[in-house]
Amino acid sequence: MTPPFIITIDGPAGSGKGTLARALAAHLGFDHLDTGKIYRRVGYDLLKAGQDPHHEPSALIAANRLTSSLTPEMLSDPALRDDAAGNAGSVVASMPSVRAALLEAQRQFARRATKGAVLDGRDCGTVICPEAPVKFFVIARPDVRARRRVDELSAMGLPAVYDDVLKDILARDERDIHRPIAPLKPAPDAILLDTSDISAEAVFNRALSDIARFL
Ligand code: DC
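Residues numbered from 1 in each chain as written. Predicted model: local features only at pLDDT ≥ 70, side-chain atom pairs only at ≥ 80, totals over all residues. Heavy atoms only, no water.

**Student:** Go over the packing of helix α3 (residues 56–68) against helix α5 (residues 96–112) with me, naming the residues and quoting the values.
**Tutor:** In the contact formed by α3 and α5, the axes pass within 8 Å of each other and the chain directions differ by 5 degrees. Regarding the angle of α3 to α5, the classification is roughly parallel. Facing α3, whose interface residues are E56, A59, L60, A63, N64 and T67, α5 presents P96, S97, V98, A101, L102 and A105. Here the contact of α3 with α5 is built from residues that sort into 8 nonpolar, 3 polar and 1 charged. (Axes fitted to C-alpha atoms, helices over the stretch in contact; angles between N-to-C directions. Helix = DSSP H or I, 4+ residues; strand = E, 2+ residues; numbered from the N terminus. Parallel < 35°, antiparallel > 145°, perpendicular 65-115°, else oblique. Contact = heavy atoms within 4.5 Å. Nonpolar A, V, L, I, M, F, W, Y, C, P; charged D, E, K, R; others polar.)

**Student:** Mind laying out the site of the ligand, listing which residues take part and the relevant values?
**Tutor:** Taken together, 14 residues surround the ligand, and among them R40, R99, R122, D123 and R179 come closest. Contact distances for the ligand include 2.7 Å between an oxygen atom and a side-chain N or O atom of R99. Measuring from a nitrogen atom of the ligand, one finds a side-chain N or O atom of D123 at 2.8 Å. About the coverage of the ligand: the protein hides 95% of its 440 Å² of free accessible area. Every element with two or more residues in the shell around the ligand is listed here: α2 (35–48), α4 (83–93) and α8 (162–178). (Near = heavy atom within 4 Å. Polar contact = N/O pair within 3.5 Å; in protein donor to acceptor, adjacent residues only side chain to side chain. Areas by Shrake-Rupley, 256 points an atom, 1.4 Å probe, with all protein chains shown as cover.)

**Student:** Give me α5: which residues, what numbers.
**Tutor:** A rise of 1.5 Å per residue sets the reference length of α5, with its 17 residues, at 24 Å; its end C-alpha atoms lie 25 Å apart and thus fit the reference within 8%. Helix geometry: α5 is bent most strongly at L102, by close to 30 degrees. Listing the buried residues of α5 in full gives V98, R99, A101, L102, Q106 and A110. (Expected span 1.5 Å × (residues − 1). Bend = angle between axes of the 7 residues up to and from the residue. Buried < 20%, exposed > 50% of the residue type's maximum accessible area, 1.4 Å probe, protein only.)

Nothing here speaks to function; it is geometry throughout.
Spelled out as C-alpha cells, the structure:
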C-alpha cells in the first residue's frame, strides 16, 4: 500500500496558511489537520476548568487528556477561534512537555490518512513531518495580516481595533519565532509563498502547480 502523501504548510498567524490548507485538502481529497487548533483546545480546556494556562503541570495533564480522547469535533468548536483560546494556546505551545505530549497524535494523523494529509501550523515541516515531500512556508506583511484579522473579526460581529490587532500579531510572532522549542521557521526545503499582494485563488493555483511536480 502506498503511504499517504503529506503536505505541510507553516507560517505566522494571518498569513493565509489555513485558507490554503483547506482549499488544497478539499481539492485533492486529502485529510486536513489545523495543528493550531490542538494547542487552542488545550488552552481552552484549561480556561474552562478555571486553571492557569501558564502552569505547565496542569497544561501537560490537559494535553494528555486531549490526545487520549481526541475527535474531529473537539477541534471544530467555534469557541476555539476566540482570542482567549488563541492566547492560552500560544502559552501552552511554548511548553516543551506539552509539545512532546501532542507530537505523536499529529504524526499519527498524517500516517493514518487514506490518500494524503495536509497539516498546517508552525512546525509541521520542521518537526512533525520533516519527511513530507511538499512543504510550504507562507508569509505576509504584518499590516496585511492585521487587516485580514480585523475583517475576520468584523465578519463574526466582534469588535476589532486595527492597532490592537497589529500589536497582538507582532507579539505572537515574537513568541513563536523566538521560543527555544520548535520555533516558527521554514524547513530547509520549504517553498516560500508570500500572500501579501495576491489573492487566495492565485496562492492556491501557485501551490497546486508546485505540488503537481511531486505527484
Ligand atoms: O495558528 P493558531 O493561531 O491557531 O495557533 C495557536 C497557537 O499555537 C499559536 O500561538 C502558535 C501555536 N502553534 C504551534 O506552536 N505549533 C503549531 N504547529 C501550531 C500552532
